[in-house]
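# Fold and contact review
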Amino acid sequence: MKRGYQLTKTADELVLEPQCENCAALCCVVFVFDKSESFAIDKAAGEVCPNLDTCGKCTIFRERETLGFRGCIAYDCHGAGQRVTQEVFGGRSWRDDPILMNRMGDALSVLRQIHEQLLLLGAAAKLPLDPDERLELSGLRQILAPETDWSEESLKAFPVARATRQVADFLSRLRRHVQLSG
Ligand code: SF4
């Protein structure tokens, strides 16, 4: 694990925004790019973006919009990238062992969805919820941010589709708060 990286201990400490300095540039390697308004090139999953330098820095970071990489600006891992790199893989990455590339991509895909749901619940927590709703919200957060650290295996086994449905169902029942406070 990288020196100085703050390991997440509780759901409240979760950082749901990117810390690219603690990540292995996963979004620049694991995804497919289709040449379009979003990306100026076609790129296969697992292929390193030609704009990524050997230190993990984007060599066109400030010119991405003008050079046709709007998709990179729009993408947000919600903090899943650094957690996959530092917590799930202990700081090791595809640079150390190319065989980790797809495994890190799989872990990122699940953890990003989990973080997305946590972001939604974070917004819901700001509503004037009644005690039962607050209890249900806390229960959902515990499912999405368990006390045990995420591993490759636990992410693979996590029923992310079901959890996403549970969160959507819960949020849909909060409409009354939004209308009242709107
Ligand atoms: S253009 Fe830059 S930010 Fe986008 S994938 Fe390539 S290296 Fe990453």
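Just so you know, these numbers come straight off a predicted model, no measurement behind them.

Reading the values: rules and limits
- In this convention, every chain numbers its residues from 1, walking through the sequence in written order.
- Under the rules for a predicted model, residues below a pLDDT of 70 receive no local features and side-chain atom pairs below 80 are neither given nor counted, while totals for whole chains, interfaces and linings still include all residues.
- Hydrogens and waters are ignored; side-chain quantities use all the structure's heavy atoms.
- Here a salt bridge means any side-chain nitrogen of Lys or Arg lying within 4 Å of a carboxyl oxygen belonging to Asp or Glu.
- Secondary structure elements follow DSSP: runs of H or I no shorter than four residues count as helices, runs of E no shorter than two count as strands, and numbering proceeds from the N terminus.
- Using a 1.4 Å probe on the protein chains alone, a residue whose accessible area is under 20% of its type maximum counts as buried, one over 50% counts as exposed, and one in between counts as partly exposed.
- Between the first and last residue of a helix there are one fewer steps than residues, each counted as 1.5 Å, and that sum is the expected span.
- A 3.5 Å cut-off defines polar contacts: any pair of N or O atoms within that distance qualifies, except that in protein one atom must be a possible hydrogen donor and the other a possible acceptor, and neighbouring residues in sequence count only when both atoms are side-chain atoms.
- We call a residue near a molecule or strand whenever a single non-hydrogen atom of that residue lies within 4 Å of it.
- Three classes are used: nonpolar for Ala, Val, Leu, Ile, Met, Phe, Trp, Tyr, Cys and Pro, charged for Asp, Glu, Lys and Arg, and polar for all others, with Gly counted as polar.
- Aromatic contacts are taken between Phe, Tyr and Trp rings whose centres are within 6.5 Å, Trp giving its six-membered ring; a plane angle under 30 degrees counts as stacked, one over 60 as edge-to-face, and the others as tilted.
- Two conditions define a charge located above a ring, namely a distance within 6 Å from the ring centre to NZ of Lys or CZ of Arg, and an angle within 35 degrees of the ring normal.
- In this analysis, axes come from line fits to C-alpha atoms, helices being fitted only over the stretch in contact, and the angle between any two N-to-C directions falls in the range 0 to 180 degrees.
- Working definition: roughly parallel below 35 degrees, roughly antiparallel above 145 degrees, roughly perpendicular at 65 to 115 degrees, and oblique for all remaining angles.
- Each crossing gets its handedness from the near helix: less than a right angle anticlockwise from the far helix is left-handed, clockwise is right-handed.
- Residue contacts follow a heavy-atom distance rule, with two residues in contact if any of their heavy atoms lie within 4.5 Å.
- The reported arc concerns the directions from the helix axis to the C-beta atoms and nothing else.

Further remarks concern the pattern of salt bridges. This model, assessed by the stated rule, comprises 8 salt bridges. Between Glu-116 and Arg-112 there is a salt bridge whose closest N-O contact spans 3.9 Å. Placement of the pair is Glu-116 and Arg-112 together in helix 3 (residues 100–124), with a separation of 4 residues, close to one helical turn. A salt bridge links Arg-176 to Asp-130; its shortest N-O distance comes to 3.1 Å. Taken together, the residues span a long stretch of sequence, with Arg-176 in helix 7 (residues 175–181) and Asp-130 in the loop between helix 3 and helix 4 (131–144) at a distance of 46 residues. Judged by relative accessible area, Arg-176 falls into the partly exposed class, the value being 39%. Salt bridges linked by common partners bring Asp-130, Glu-133 and Arg-176 together as one network.

Turning our eyes to something else, we now look at helix 4. Compared with the 20 Å implied by 1.5 Å per residue over 14 residues, the 20 Å span of helix 4 between its first and last C-alpha is a close match. Structurally, the start of helix 4 carries an N-cap: the backbone nitrogen of Asp-132 is 3.1 Å from a side-chain oxygen of Asp-130.

Our next topic: the site of the ligand. In the vicinity of the ligand, the residues found are Cys-28, Phe-33, Cys-49, Asn-51, Leu-52, Cys-58, Ile-60, Arg-64, Phe-69 and Cys-72. Taken together, the residues that form the shell around the ligand break down as 8 nonpolar, 1 polar and 1 charged.

The subject of this paragraph is unusual backbone geometry. Positioned with a positive phi, Ala-25 is a non-glycine residue whose angle comes to about 50 degrees. Tracing the sequence through the fold places Ala-25 in the segment before helix 1 (70–74). Here Ala-25 falls in the buried class, since its relative accessible area comes to 12%.

Attention now goes to the packing of aromatic side chains. For the coordinates displayed, the defined rule picks out 3 aromatic pairs. Ring geometry for Phe-33 versus Phe-39: centroids 3.9 Å apart, planes at 5 degrees, classification stacked. Take Phe-39: its relative accessible area is 13%, and that puts it in the buried class. On the basis of an interplanar angle of 85 degrees and a centroid distance of 5.2 Å, the ring pair of Trp-150 and Phe-158 is categorised as edge-to-face. Overall, Phe-158 belongs to the buried group, its relative accessible area being 11%. One cation-aromatic arrangement involves Lys-43 over Phe-33; the distance from NZ or CZ to the ring centre is 4.9 Å. Directly above the ring of Phe-61 sits Arg-64, whose terminal nitrogen or CZ lies 3.8 Å from the centroid.

Relative to the elements of secondary structure, Val-178 occurs in helix 7. In this structure Val-178 comes out as partly exposed when scored by relative accessible area, which is 46%. With 132 residues separating them in the primary sequence, Val-178 and Gly-46 have C-alpha atoms 42 Å apart.

To continue, consider the packing of helix 4 against helix 6 (residues 160–172). The N-to-C vectors of helix 4 and helix 6 enclose an angle of 160 degrees; their axes lie 11 Å apart at closest approach. Taken together, the axes of helix 4 and helix 6 lie roughly antiparallel to each other. As helix 4 packs across helix 6, the resulting crossing turns out to be left-handed. Contacts from Glu-133, Glu-136, Leu-137, Leu-140, Ile-143 and Leu-144 of helix 4 reach helix 6 at Ala-163, Gln-166, Val-167 and Phe-170. Its residues placed into classes, the contact of helix 4 with helix 6 shows 7 nonpolar, 1 polar and 2 charged.

This part is about helix 6. Taking 1.5 Å per residue, 13 residues should reach 18 Å; helix 6 reaches 18 Å between its end C-alpha atoms and fits that length. Those residues of helix 6 that fall on the buried side of the exposure criterion are Val-160, Ala-163, Val-167 and Phe-170. Taken down its axis, helix 6 places every buried residue within 90 degrees of arc, on the same side. The inward-facing, buried residues of helix 6 abut helix 3 and helix 4.

All quantities given are derived from atomic positions and should not be read as evidence of function.
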